[in-house]
Amino acid sequence: MNRILFILVIMAALCNCSNSSEQTQSALKIDLSNFNWEFKQVDTCCWMPATVPGTVHTDLMANDSIGDSFYRLNEKKQQWIDKVDWEYKTTFNVDIKMLSNKHIELTFEGLDTYAKVSLNGKEILSSDNMFRANKINVDDLLTEGENTLHIVFESPVNKGLELLKANGYQYPANNDQSENGELGAKKVSTFVRKAPYHFGWDWGPRLVTSGIWKPIFLTAWNEAKIEDLYVEQININKDNALISFNLEIDSDKAEKVDYVIRNKSDDRILESGQLELKEGENIFKNETTILKPKLWWPNGYGEQSMYEFSFELYKGIELIAEKQVKTGLRSVKVIREKDDQGAGFYFEVNGVPVFAKGANYIPNDNFLTRVTNEKYKHILQSAVDANMNMLRVWGGGIYEYDVFYEMCDSLGLMLWQDFMFACSMYPGNNDFLKSIELEAIDNVKRLRNHPSIALWCGNNEIEGAWAEGREEAGWGWKQQYNDKQRKEIWQTYDTIFYSILPKVVANNHSEIFYWPSSPVADFKEIATYDTKAGDMHYWGVWHGLEKFERFNEVIPRFMSEYGFQSFPDFQSVKKYTSEEDWDIESDVMASHQRSGIGNLRIKEYMGWDYKIPANFEQFLYVGQVLQAEGMRMGMEAHRRNKPFCMGTLYWQLNDCWPVASWSGMDYYGKWKALHYFVKKAYEPYLISMLEKGDNLEIWVVSDKLENIDSKLKVQLMDFEGKVLMNKKIEVNIKGNTSALAMKIAMKDIKNLDASNNMVLHAELMDETLSLAVNQFYFEKPKDMNLKQGKPNFTFENGTLEISSSLLIKNLYVYTESEDVFSDNYFDVLPGIKYVIQVESESFTLDKLKYISIADTY
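Bear in mind the structure is a predicted one, so any value in this text is a computation, not a measurement.

Rules used throughout
Residues numbered from 1 in each chain as written. Predicted model: local features only at pLDDT ≥ 70, side-chain atom pairs only at ≥ 80, totals over all residues. Heavy atoms only, no water. Helix = DSSP H or I, 4+ residues; strand = E, 2+ residues; numbered from the N terminus. Rg over C-alpha atoms; globule rule 2.2 N^0.38 Å. Buried < 20%, exposed > 50% of the residue type's maximum accessible area, 1.4 Å probe, protein only. Contact = heavy atoms within 4.5 Å. Areas by Shrake-Rupley, 256 points an atom, 1.4 Å probe, with all protein chains shown as cover. Lys, Arg positive; Asp, Glu negative; His and termini not counted. Charge placed at Lys NZ, Arg CZ, Asp CG, Glu CD. Pairing = 2+ DSSP bridges. Axes fitted to C-alpha atoms, helices over the stretch in contact; angles between N-to-C directions. Phe/Tyr/Trp six-rings, centres within 6.5 Å; stacked < 30°, edge-to-face > 60°. Lys NZ or Arg CZ within 6 Å of the ring centre and 35° of its normal. Left-handed = near helix turned anticlockwise from the far one by under 90°. Nonpolar A, V, L, I, M, F, W, Y, C, P; charged D, E, K, R; others polar. pLDDT = per-residue confidence, 0-100. Expected span 1.5 Å × (residues − 1). Bend = angle between axes of the 7 residues up to and from the residue. Polar contact = N/O pair within 3.5 Å; in protein donor to acceptor, adjacent residues only side chain to side chain. Parallel < 35°, antiparallel > 145°, perpendicular 65-115°, else oblique. Salt bridge = Lys/Arg side-chain N within 4 Å of Asp/Glu carboxyl O. Core = buried A, V, L, I, M, F, W, Y, C linked by side-chain atoms within 4.5 Å.

Explanation requested: the overall build of the protein chain in the structure shown.
When helices and strands are tallied, the protein chain shows 17 helices and 48 strands. The C-alpha radius of gyration of the protein chain comes to 29 Å, within 12% of the 29 Å expected for a compact globule of 857 residues. Dimensions along the principal axes, computed over C-alpha positions, put the protein chain at roughly 90 × 65 × 65 Å. Here the protein chain holds 857 residues, and the buried ones make up 61% of them. For the protein chain, long-range pairs separated by at least 24 residues make up 71% of all intrachain contacts whose partners lie at least 6 apart in sequence. When the accessible surface of the protein chain is totalled, it reaches about 33,100 Å², and 48% of it is carbon and sulfur. The protein chain carries 93 positive and 124 negative side-chain charges, and their two centres are separated by 3 Å.

Got a minute to help me understand the sheet that holds strand E10 (residues 145-154) in this structure?
The strands making up a sheet are joined through hydrogen bonds of the backbone, oriented either antiparallel or parallel. If you trace the six strands from one edge of the open sheet to the other, you get E3-E2-E4-E10-E7-E8, paired in antiparallel fashion. The sheet is open, and its two borders are formed by strand E3 (48-50) and strand E8 (122-127), each paired with just one other strand. Going across the sheet, the axis of each strand differs from the next one's by a mean of 25°, ignoring polarity. As paired strands, strand E4 (residues 86-94) and E10 are joined by nine bridges and run antiparallel to one another. Bridging from a neighbouring strand, Thr-91 pairs with Thr-148 of E10.

Sorry, what's going on with the packing of aromatic side chains here?
A ring pair, where both rings are aromatic, is described by two values, the distance of the centres and the angle of the planes. Under the defined criterion, the tally for this structure stands at 72 aromatic pairs. Their ring planes at 15° and their centres at 4.8 Å tell us that Trp-490 and Tyr-493 sit as a pair that is stacked. In this pair, Trp-490 and Tyr-493 are both assigned in helix H11 (residues 483-508), three residues apart and thus about one turn of the helix distant. Tyr-493 matches Trp-490 in its accessibility class, with the two residues each being buried. Lys-29 extends its terminal NZ or CZ atom over the ring of Phe-217, reaching a point 4.4 Å from the ring centre. Over the aromatic face of Tyr-401 sits the side chain of Lys-214, whose NZ or CZ is 5.6 Å from the ring centroid.

Would you mind showing me how to read the environment of Cys-656 here?
Structurally, the position occupied by Cys-656 is in the loop between strand E34 (647-650) and helix H16 (673-681). The sequence separation of Cys-656 and Val-352 amounts to 304 residues, and the corresponding C-alpha distance is 35 Å. Non-local contacts of Cys-656, meaning those with residues more than four positions away in its chain, are made with Phe-70, Tyr-197, Trp-203, Gly-204, Pro-205, Ile-362, Pro-363, Asn-364, Asp-365, Asn-366 and Tyr-667.

Would you mind showing me how to read the packing of helix H7 (residues 373-385) against helix H8 (residues 402-411) here?
Two numbers describe a pair of packed helices, the interaxial angle and the distance between the axes. Between H7 and H8, the shortest axis-to-axis distance is 10 Å and the interhelical angle comes to 35°. When you trace H7 past H8, the crossing you get is right-handed. Taken together, the residues of H8 that come into contact with H7 (itself represented by Asn-373, Tyr-376, Lys-377, Leu-380, Gln-381 and Val-384) are Val-403, Phe-404, Met-407, Cys-408 and Leu-411. Its residues placed into classes, the contact of H7 with H8 shows eight nonpolar, two polar and one charged.

Explanation requested: the confidence of the model for the protein chain in the structure shown.
Should the pLDDT be low somewhere, the predicted coordinates at that spot are not to be read in detail. Looking at the protein chain, the pLDDT average stands at 95 and 97% of residues meet or exceed 70. Low confidence marks residues 1-27, where pLDDT is under 50. Its contacts with residues over four positions away, or in another chain, come to 31 contacts.

Teacher, can you tell me more about H11 here?
An α-helix turns once per 3.6 residues; consequently, residues spaced three or four apart project the same way. Between its first and last C-alpha, H11 extends 36 Å over 26 residues, near the 38 Å set by a 1.5 Å rise per residue. Along H11, the sharpest change in direction is near 30° and occurs at Ile-496.

Looking at this structure, how should I read helix H15 (residues 616-640)?
Helix length check: H15 (25 residues) gives 36 Å between terminal C-alpha atoms against 36 Å at 1.5 Å per residue, within 8%. The N-cap of H15, judged by a side-chain oxygen 3.0 Å from the amide nitrogen of Glu-617 a few residues on, is Asn-615.

Honestly, the packing of helix H9 (residues 430-447) against H11 in this entry has me stumped. Any pointers?
Running from amino to carboxyl end, H9 crosses H11 at an angle of 30°, the nearest separation of the two axes being 10 Å. Relative to H11, the element H9 lies roughly parallel. Considering the relative orientation of H9 and H11, their crossing is right-handed. Residue-level contacts link Leu-433, Ile-436, Glu-437, Ala-440, Ile-441, Val-444 and Lys-445 of H9 to Thr-492, Thr-495, Ile-496, Ile-500, Leu-501, Val-504 and Asn-508 of H11.

Help me out: how do you make sense of the pattern of salt bridges in this one?
Using the criterion set out here, one finds 57 salt bridges in the structure. Here Glu-227 and Lys-225 are joined by a salt bridge, their closest N and O atoms 3.7 Å apart. Members of the salt-bridge network, linked through shared partners, are Glu-629, Arg-632, Glu-636, Lys-809 and Asp-827.

Which parts of the structure should I look at to understand the nonpolar core?
One broad rule of soluble globular proteins: the nonpolar side chains tend to lie buried together. Core analysis: the biggest nonpolar cluster contains 240 residues, and Phe-108, Leu-313, Met-388 and Tyr-650 have the highest contact counts within it. Residues contacting Met-388, with those up to four places away along its chain left out, are Asn-299, Lys-357, Gly-358, Ala-359, Ala-383, Leu-413, Tyr-650, Leu-653, His-675, Val-678 and Tyr-682. In terms of nonpolar packing, the next biggest core, distinct from the first, is built from 26 residues, Ile-744, Ile-749, Phe-776 and Phe-778 among them.

Sorry if this is basic, but what is going on with the pairing of strand E14 (residues 240-251) here?
Side-chain positions along a regular strand alternate between the two faces of the sheet. With 11 bridges joining them, strand E13 (residues 224-236) and E14 adopt antiparallel strand pairing. When the bridges of E14 are listed, Asn-235 appears paired with Leu-242. Sheet topology note: the E14/strand E17 (residues 280-291) ladder contains 12 bridges and is antiparallel. For Asn-240, the partnering residue across the bridge sits in E17 and is Leu-291.

Looking at this structure, how should I read unusual backbone geometry?
For residues besides glycine, phi is generally negative; the peptide bonds are generally trans as well. The omega torsion of the bond from Val-52 to Pro-53 falls at -5°, within 30 degrees of zero and hence cis. In this fold, Pro-53 is placed in the loop between E3 and helix H3 (56-62). Its identity is not glycine, yet Asp-267 carries a phi of approximately 50°, on the positive side. Within the secondary structure, Asp-267 is located in the loop between strand E15 (255-263) and strand E16 (268-277). For Asn-797, which is not a glycine, the phi torsion comes out positive at approximately 50°.

Honestly, the sheet that holds strand E9 (residues 134-137) in this entry has me stumped. Any pointers?
Taken in spatial order, the four strands make up an open sheet running E1-E12-E5-E9, and their pairing is antiparallel. At either margin of the open sheet sits one strand with a lone partner, and together these are strand E1 (29-31) and E9. Ignoring strand direction, the axes of neighbouring strands in this sheet form an average angle of 20°. Note that E1 and strand E12 (residues 216-221) share three bridges and pair antiparallel. Its bridge partner lying in E12, Asp-31 is registered against Phe-217.

Looking at this structure, how should I read the environment of Cys-423?
Within the secondary structure, Cys-423 sits in the loop between strand E27 (414-418) and H9. Linking Cys-423 and Val-325, residues 98 residues apart in sequence, is a C-alpha distance of 35 Å. Setting aside residues no more than four positions away along its own chain, Cys-423 makes contact with Pro-172, Ala-173, Asn-174, Asn-175, Trp-201, Asn-460, Glu-461, Ile-462, Trp-475 and Trp-477.

Got a minute to help me understand the side chain of Thr-856 in this structure?
Following the sequence through the fold, Thr-856 ends up in the segment after strand E48 (849-851). Here Thr-856 falls in the buried class, since its relative accessible area comes to 8%. Here Ile-853 takes part through its backbone oxygen, which lies 2.7 Å from a polar atom of the side chain of Thr-856. With sequence-adjacent residues up to four places away left out, Thr-856 is seen in contact with Pro-613, Gln-618, Tyr-621, Val-622 and Ile-851.

Which parts of the structure should I look at to understand the pairing of strand E35 (residues 685-692)?
Counting buried positions along E35 yields six of eight residues, so the element is predominantly enclosed. Looking at chain direction, E35 and strand E36 (residues 695-702) are connected through eight bridges and run antiparallel. Among the inter-strand pairings, Ile-687 is bridged to a residue of E36, identified as Val-700.

Structure follows, in C-alpha cells:
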C-alpha cells in the first residue's frame, strides 16, 4: 500500500480503530474463571462448588466444611489441609469460530503450586512454581462443544518433605513454623517456590494454600501476536524523553507488515513503518523522542503523569495485532557517592534527591484471592494520606497482582521491590535455579513498565544472616553445617543473588538499580548498626530491648526496616476472639501473636514509660500509643539527619490476618495510633525537638523544593494552660533540607515549673498558614502530672471540634459503628481548638466515646 495512503487510512480510523481492536481481542480471549468450577479432596467422592481464582481453604470455608481460619484457634485445626491433594475441574464450550484460528493457547497466570493440568484427558502441564505464568498451545486438543479442564494440586508440604529427604539436610528458615504445621523440626518452605509467609512468619499464621490464584485464559490468534511491549526509558529529562519500544512478536510465517506506534493519551501517531517478520519469535527495537514530556513524580513532588502507548500491526488496512502499555516517564537512580563518612544511599527522581518516606508492605491476606480492589485502594490510599512516597514490597510475600502496581503508579508510590526470598538459604540444583531464573524473568518483564518500580532487591536479610567470611557475625546459621555444606550453601547464594538475578535485571530492566540484599552496606559487605553506607535494618529497639531513645543515636544512610509492636484496638480484637480470650496471656491472644517475645515484650516496654492498665481494653489502647510515640521518635530522627540519612521505611504498613504485630493498620484496614502519627511525622514540613546536652534543640525539616520565609512560634505552658514562655523567630527554610532553627537552655525551662507539668508547643507558620506543629514533654507519661479532663465536643456538617481546659494526652475518639476520624490519638492542649473530620452518614455526639492516658490510671 502507498505509505501516505496507509497513514491517511489509519488517521481516519482513529476513533473506531481502538474500539474494534478491543472487540477483536476480547472475542479471541475467554476467561475460564467465569465458568462453573468444582473441587474436592483427591480420592474422595463428592465435588463441591469452587471459586476461581481462589484457594482450597477459602473454598472449604465457602462450603461450610471448615470454620473461619482466622477465628480464635481455628488455624491449628486446619493443618491437615496442606497435607492432602486436591483437584479442580470445569467444562467450557468452544465454538467453530474459535477453532478456526491458527493458534489457540491456554495461559495459566498463577497456579499454587504443584499442579498437574489435563485438557480433555491429556496432561498438558506440570507446574511447580507459584510465581510463574505458563502458556500452552492447545489448538490440537480442543473439540467443538464441551471441553474439560482438570487440575490436581499435590500437597506442597508432602512435596517439600520429599525434596528435603532427597537433599539430605535442610536449610535455615527461622520463620517456617514447622511445629505449628505438625512437622516437628522439618522445615520445607525453602524447597518450595511459593509465598514464604504461607509457612508462617513472626506476624502471620501457618496456612499453606493450594489453588488457582490467578486467572486462566483461552486465547486465539492468527498471523501474528505481540507477546510483549516494553517502553525502555533511555534518557529522560524535562526537555526530552528518549524511549525505545522493545517488542517480542510471534508470527506464523515470514511476511512484511505495517506498524503504527500511537500515543493514545492524545491520539497522536508517533511513528509508522514496515517490519519484516520471520516465522516464529521476532525481536524489534524502535527508538523515538518525546519533546517536553509530562514527567511522573513521586507523591509530594509533582503529578503522576501517565502515557498510554499502543503498537499496532497491519496487513493492508486490517489490524492483525495490537499491544497497549501504560507507563510514566521518569528518571530514577540510586545515588551511592562516597563521602567523608562512608557512602550515601538515596533515590534521585528526575534529577531531584528524594527523601523516601514509607513503610514495608506485606500481602494483605494469607488467602490472596480475598483481597479486593477496594482493599488495595484503601491500603495504598492510606499510605498516600499518611504522606508516604515509597513502599518496600518485602521478599517473603508475593510479586503482587497487576492492580497493586497500577495503583502505586497513579498514587505516586515508589516501590522497593524485593525478589521473593527472605530469611532462608536455598537449594542449588539445576532445576531449582532454572525455575528461579524463569520466575525472575516473568516478573521483571511483567512489572518493568510501571514507573513506580524504583529498585530491585535480591532478598530480605539473608546476606547478613549468613555473613560469609565473618565467623563472629550473622544469625548462627553457618555454624550448623560442615565445611562442604557451607561451601555448597554459599555458592548457591552467590549464584542466585550475584549472578542469576542481577543478569535478569540487566537484560530486562537495565534502567533500574539492583541491590543484592537488604540490608547490606555494599555488594558482599554486610550491614551493622555502625556502617555508614547502604541500608540498615535496626532492631535494637524491640528485639534488642534498647530504649526508644536509641533511635536518636543509630542513624543510617537509609533505614529500610525498624519497628515496634502493638495490638489491634478492642473493636478489632472482638472480631476474632470471644470474651474469655480477653487477656494478653490467653491461648487465643498468644496464638494471634507470632513473635515469641511479643505480648510480654510490649508489656515490658510499656512499664518503662506508662502506668500499665489492668483493664484489657485500656491495655490495648496504651499499647498503641506506646508504639506510635516510640516510632515517631525514629521517624523524626531519620528526617532530622537529612541528607546523611535519606530514607525511613518502618516495619510494617499492614497485616495479613488479625494479630498483634508491628503494623500501622490492622487486618481490617483500621488505622492504629501509629498510622495517625506517621501522617504527621511524614508531612512535608516537620518540627522535631530533641533534648541534647544542656539544650532543647528545635529542628525544621522541609521536603519541599522551594525556599520559604516562615515564623517559628514556641510556647511553653503548664498542663492547665498557663503560658510560661513565648518565643517567635523568623526562619528561612531552604528547600529539601533539615536545619537547627532554635536552641533553648534546659535550665531556663525547668526553672519555670515542675518538669512533669509542662509541655512545649511549637508551630511553623507561613504568614497565616500553619505548616507544622509538634509538642515536647520533659518527663515520661507515667511521671506526668496528668489529670482526668473532660473534653468539650461540638459537631456540625461532618466537622468535630474539640477543646479542653486541661491537657488531655493522646485522646482517642471512636464509635461502636467504627466511624472514621481524620485524626486521632492526639494531644489536646488547653486553650487550643482542634478540628477533625468524621466520615459517617449517621454520626451524632451521643454515639461518641473517648479515652485518654489519664483515663487509664
